[in-house]
Amino acid sequence: MTPMNDEQLEKIRNDRKQQIITAALRTFAENGIRLTKIGMIAAEAGVSHGLVYHYFESKEEVLHESLAWAMEGADELFREVGALPLAPLEKVKTFVKFALTEGNSDVFRVIQHVLRFGGAPEKTMTLIREGSEIYAKELFPLIAAGQADGSIVGGDPQELLELLLTVLSGVLMEGDREWWSRNLDRKVDLLLRMLAA
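Treat the numbers as computed from the prediction; the structure is a model and nothing was measured.

When the UniProt feature table is mapped onto this chain, "DNA-binding region" (unreviewed entry) is found at residues 37-56. The span residues 37-56 shows a helical share of 75% and a strand share of 0%, and its end C-alpha atoms are spaced 13 Å apart.

Turning our eyes to something else, we now look at helix α2 (residues 38-45). Among the residues of α2, those classed as buried are I38, I41, A42 and A45. Around the axis of α2, the buried residues are gathered within 100° of arc, so they sit on the same side. Check the buried side of α2 and you find it contacts α1 (6-35), α3 (49-55) and α4 (59-83).

According to the stated counting rule, one finds eight salt bridges in the structure shown. When the shortest N-O distance is used, the salt bridge between E44 and R26 registers 2.7 Å. Here R26 lies in helix α1 and E44 lies in helix α2, a separation of 18 residues in the sequence. Given a relative accessible area of 39%, E44 falls into the partly exposed group. The partly exposed category is assigned to R26, whose relative accessible area is 31%. Notably, a salt bridge pairs D189 with K93, separated by 2.7 Å at the nearest N-O pair. Here D189, found in helix α10 (residues 184-191), pairs with K93, found in helix α5 (residues 88-100); they are 96 residues apart in sequence, far enough to count as distant. Each of the salt bridges in this network shares a partner with another, and the network as a whole consists of E30, D106 and R109.

Take the nonpolar core next. Of all hydrophobic cores here, the largest spans 30 residues; its most connected members are I20, F28, V52, V62, L63, L67 and V110. Where this core is concerned, the elements lending two or more residues are α1, α2, α3, α4, α6 (104-117) and α7 (122-149). Counting residues per element, this core draws most heavily on α1, at eight residues. Discounting residues that sit within four places of it in the chain, I20 has contacts with I41, A45, V47, L51, V52, Y55 and F56. By size, the runner-up hydrophobic cluster in this structure holds 28 residues, among which are A74, A99, L139 and L161.

What counts, and where the lines are drawn
Residues numbered from 1 in each chain as written. Predicted model: local features only at pLDDT ≥ 70, side-chain atom pairs only at ≥ 80, totals over all residues. Heavy atoms only, no water. UniProt positions renumbered as here; feature names shortened; annotations may be inferred. Helix = DSSP H or I, 4+ residues; strand = E, 2+ residues; numbered from the N terminus. Buried < 20%, exposed > 50% of the residue type's maximum accessible area, 1.4 Å probe, protein only. Arc of directions from axis to C-beta. Contact = heavy atoms within 4.5 Å. Salt bridge = Lys/Arg side-chain N within 4 Å of Asp/Glu carboxyl O. Core = buried A, V, L, I, M, F, W, Y, C linked by side-chain atoms within 4.5 Å.

Laid out in structure tokens, this is it:
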């Protein structure tokens with residue numbers, strides 16, 4: 001058997017770290033920050049407790065790195081949504097569907113756990129605040145453009161944005177995710193009637 005080269009070993013390390021990060025997001029989303037233990041993350045990832053500590057020094061570091069990884073994709077998400085040949089309200093719908101889709105919703109749920117109950121270091125709180133600003137900065141112009149083209153109700157676009165994000169947060173934290181996953185398009189259409197002109 002041929003020994004692996006540095007590039008192959010690095011790929012294995014990156015894949016394993018990604019596996020732990022994905023499991024951590026699911027575990028934090030389900031249990032909250034305070035109740036989540038490293039052993040729970042390891043079990044969800046299907047790795048040993050010690051392997052998690054090989055990649056991360058603490059639960060707080062796992063939380064921070066997981067959220068940082070997830071938020072790196074936010075800019076890419078909005079670039080992709082912005083490039084779609086859709087009306088502004090349809091772009092908002094695309095974002096809402098993304099947020100409610102299994103896996104993606106874990107990130108939003110973890111953020112809501114942190115905002116509601118604390119338990120995260122200040123650097124993680126800063127990361128969350130900066131990430132929230134990205135979403136607000138990108139969604140606000142879509143709402144304003146939808147008002148300009150008549151597809152979104154008039155009024156204060158900031159107020160509409162805050163309403164949308166509050167409702168979405170509530171659905172993510174309190175809603176039945178299995179129910180939402182069935183016929184998601186229709187349910188998102190119903191949800192967005194609060195914005196539609």
